[in-house]
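The chain contents come next:
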Amino acid sequence: MTRDSIMNRPSRAGAAPRKVAAWLTLFGIVLLALNLRAAITGLAPLLPDVRSDLKLSGAMAGFLTSLPLLCFGLLSPLAALLGRRVGVERALLLAMLGIVVGSLVRTVAGAGWMVAGTAVIGGAITVGNVLLPSVVKQDFPERQGVVTGLTAAAMTGGAAIAAVVAQPLADAGLGWRGALLGLGAFAAVAAAVWLPQARHRHPAPGLRLGGAVLRSPVTWQLAVFMAMQSMTFYAMLAWLPTLLRDNGVSAAGSGWALGLFNLLGIATASVVPALAARRRDQRGLALVVCAAWAVGLAGLLLAVPLYPLWSALTGLAQGGGIALTLTLIVVRARTPDSARELSGTVQSVGYVLASAGPVAVGVLRDASGGWELPLAALGVAVAVMALAGVGAGRDRQV
């Protein structure tokens, strides 16, 4: 019996405890989702201080943001395997504990420990990315849309909160190490709430990559669209606070701008799927998303004092971009099996390609001494995204 059916049963003896258990499961799912981006976004406002303390180059600083993306792309099959071996519930508990351990490791003195801790966090978040949808489908089959919306909002909200509070925590006397530990403590709370679920053991479904979908041009158009979208998003995530601080914006103001960038993605992530699903052709939506990205990047290049506007515009663009990608994966697939294979292939390829973004921006910033060249490079990525979106948005199926 699913928790969803329990939540909707008439009241009778024994039903109340099961209903409470269902709500606790839902609360645990939301807490898990809150932690699936926070440890990544919380580092960005602190990156100037981390670079100064650890003597990191721009390339290495960018790599700290790219490393989780590599984990997303390369470790997804292993995350699915873990879910099959120990069960989805226990694997998600291990994911939260992994974020806690990674947060501890990256506060040890030395750049190597920072990289190692970030890799642990990236692997842990990959497990959450892959397996959390299985819990939603398994426990709330009749309310998948509602619960999925809650998890998406929680994921984005957690990213926004981490971006806003990281610098104030550091300024309050904790330093960047204490701030990162504080953000990791949220995962410990999620682990404690999720612990009762570990007595269940539901194996995860298998994750298939490739197959016939590799022969379809739609697959590669979607992969490029996702790669350019994610590349631009994570480059902004890593470097927006540094860009703003280099242009005279306070550390607190830079953190708020990053929080706005993340938070406003909730709005478009909620609206775009409904708009896209009503259309047979999504090329227009893809071009609108790319235009918003282009205008926001141009604004950061030409009119930095208006950074709240550009942070808001690019935030709307990134939420719409990732939502459109996930919607296209669904509507372009003919069957549930092809949807699963298409999703695995597109996300694996997309995240691996996207991992070059933060590193490239750091290298270009160090080489040029300014932000003109990095922003121009992101503009090229947006142009490529627009071309891929025109192909992926046409009414065809895999």
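Scoring rules and cut-offs
Residues numbered from 1 in each chain as written. Predicted model: local features only at pLDDT ≥ 70, side-chain atom pairs only at ≥ 80, totals over all residues. Heavy atoms only, no water. Helix = DSSP H or I, 4+ residues; strand = E, 2+ residues; numbered from the N terminus. Buried < 20%, exposed > 50% of the residue type's maximum accessible area, 1.4 Å probe, protein only. Contact = heavy atoms within 4.5 Å. Areas by Shrake-Rupley, 256 points an atom, 1.4 Å probe, with all protein chains shown as cover. Arc of directions from axis to C-beta. Core = buried A, V, L, I, M, F, W, Y, C linked by side-chain atoms within 4.5 Å. Patch = residues over 30% accessible without salt bridge, like charges linked within 9 Å, V, L, I, M, F, W, Y side chains within 5 Å. Salt bridge = Lys/Arg side-chain N within 4 Å of Asp/Glu carboxyl O. Phe/Tyr/Trp six-rings, centres within 6.5 Å; stacked < 30°, edge-to-face > 60°. Axes fitted to C-alpha atoms, helices over the stretch in contact; angles between N-to-C directions. Parallel < 35°, antiparallel > 145°, perpendicular 65-115°, else oblique. Left-handed = near helix turned anticlockwise from the far one by under 90°. Nonpolar A, V, L, I, M, F, W, Y, C, P; charged D, E, K, R; others polar. pLDDT = per-residue confidence, 0-100.

Points about the overall build of the chain
- Each helix and strand counted, the chain has 16 helices and zero strands in total.
- Relative to its 398 residues, the chain shows a buried fraction of 52%.
- Once local pairs closer than 6 in sequence are excluded, the contacts in the chain between residues at least 24 apart make up 84%.
- Accessible surface, the chain as shown: approximately 15,800 Å² in total, 69% of it carbon and sulfur.

Brief notes about helix H4 (residues 47–54)
- Within the span of H4, buried status applies to Leu47, Val50, Arg51 and Leu54. Down the axis, H4 shows its buried residues gathered within 100 degrees of arc, on one side only.

Concerning unusual backbone geometry
- Of note in this structure, lysine 55 is not a glycine but carries a positive phi near 55 degrees.
- Counting through the fold element by element, lysine 55 comes out in the loop between H4 and helix H5 (58–86).

Some points on the side chain of threonine 41
- Residue placement: threonine 41 occurs in helix H3 (residues 38–41).
- Apart from the residues lying within four places of it in its own chain, the contact partners of threonine 41 are Ala159, Ala162, Ala163, Leu237, Leu258 and Asn262.

Points about the nonpolar core
- With 108 residues, the main nonpolar core has Met96, Leu244 and Trp293 as its most contacted residues.
- It is helix H9 (residues 217–246) that provides the largest number of residues to this core, a total of 17 residues.
- Among all residues touching leucine 244, those that are not within four sequence positions of it are Val249, Ser254, Ala257, Leu300, Val304 and Tyr307.

Observations regarding a nonpolar patch on the surface
- The grouping of Leu74, Leu75, Leu78, Leu81 and Val352 at the surface amounts to a nonpolar patch, some 410 Å² of accessible area in total.
- At four residues, the largest contribution of residues to the nonpolar patch is made by H5.
- Its location among the elements puts leucine 81 in helix H5.

Some points on the packing of aromatic side chains
- Within the structure shown, the criterion is met by five aromatic pairs.
- An angle of 75 degrees between the planes, with centres 4.7 Å apart, marks the rings of phenylalanine 233 and tyrosine 234 as edge-to-face.
- On the basis of relative accessibility, which here comes to 3%, the residue tyrosine 234 falls in the buried class.
- Taking 5.6 Å as the distance between ring centres and 20 degrees as the angle between the ring planes, the aromatic pair formed by phenylalanine 233 and phenylalanine 261 counts as stacked. Placement of phenylalanine 233 in helix H9 and of phenylalanine 261 in helix H10 (residues 251–263) is noted, with a sequence separation of 28 residues between them.
- A relative accessible area of 12% places phenylalanine 233 in the buried class.
- Using a relative accessible area of 0% as the deciding quantity, one classes phenylalanine 261 as buried.
- Three or more aromatic residues joined by ring pairs form one cluster here, namely Phe233, Tyr234, Phe261 and Trp293.

Focus on the environment of leucine 240
- As for its position among the elements, leucine 240 is in helix H9.
- Along the sequence, leucine 240 and tyrosine 307 sit 67 residues apart, while their C-alpha atoms lie 9.9 Å from each other.
- Dropping the residues within four chain positions of it, leucine 240 is found in contact with Ala235, Ala257, Leu258, Phe261, Leu300 and Ser311.

Considering the pattern of salt bridges
- Tallied over the entire structure, the rule returns six salt bridges.
- The residue arginine 245 makes a salt bridge to aspartate 49 at a minimum N-O spacing of 3.8 Å. Placement of the pair is arginine 245 in helix H9 and aspartate 49 in helix H4, with a sequence separation of 196 residues.
- Exposure remark for aspartate 49: the relative accessible area of 28% places this residue in the partly exposed category.
- Close ionic contact of arginine 365 with aspartate 366 constitutes a salt bridge, the shortest N to O distance being 3.9 Å.

Remarks on the packing of H9 against helix H12 (residues 283–302)
- Their axes nearest at 13 Å, the elements H9 and H12 cross at an angle of 25 degrees. When the interaxial angle is binned, H9 and H12 end up roughly parallel. Crossing handedness for the pair H9 and H12: left-handed. On H12, the residues that touch Phe225, Gln229, Thr232, Phe233, Met236, Leu240 and Leu244 of H9 are Ala286, Cys290, Trp293, Leu297 and Leu300.
- Its residues assigned to classes, the contact of H9 with H12 comprises ten nonpolar, two polar and no charged.

Considerations on the environment of proline 305
- Topologically, proline 305 is positioned in the loop between H12 and helix H13 (307–332).
- Residue proline 305 is classed as exposed on the basis of its relative accessible area, which comes to 71%.
- In the structure, proline 305 is positioned 56 residues away from valine 249 in sequence and 8.5 Å away in space, judged by C-alpha atoms.

Describing the packing of H12 against H13
- Orientation of H12 relative to H13, taken along the N-to-C sense of each, is 150 degrees, at an axis distance of 8 Å. When the axes of H12 and H13 are compared, the pair comes out roughly antiparallel. The element H12 and its partner H13 pack so that their crossing is left-handed. Along the contact surface, H12 presents Leu285, Ala286, Val289, Ala292, Trp293, Val295, Gly296, Leu297, Gly299 and Leu300, while H13 presents Tyr307, Trp310, Leu313, Thr314, Ala317, Gln318, Gly320, Gly321 and Leu324.
- Looking at the contact of H12 with H13, its residues break down into 13 nonpolar, six polar and no charged.

Side note on the confidence of the model for the chain
- Mean pLDDT over the chain stands at 85; residues scoring 70 or higher make up 89%.
- Scored below 50 in pLDDT, residues 4–13 makes 17 contacts in the model with residues more than four places away or belonging to other chains.

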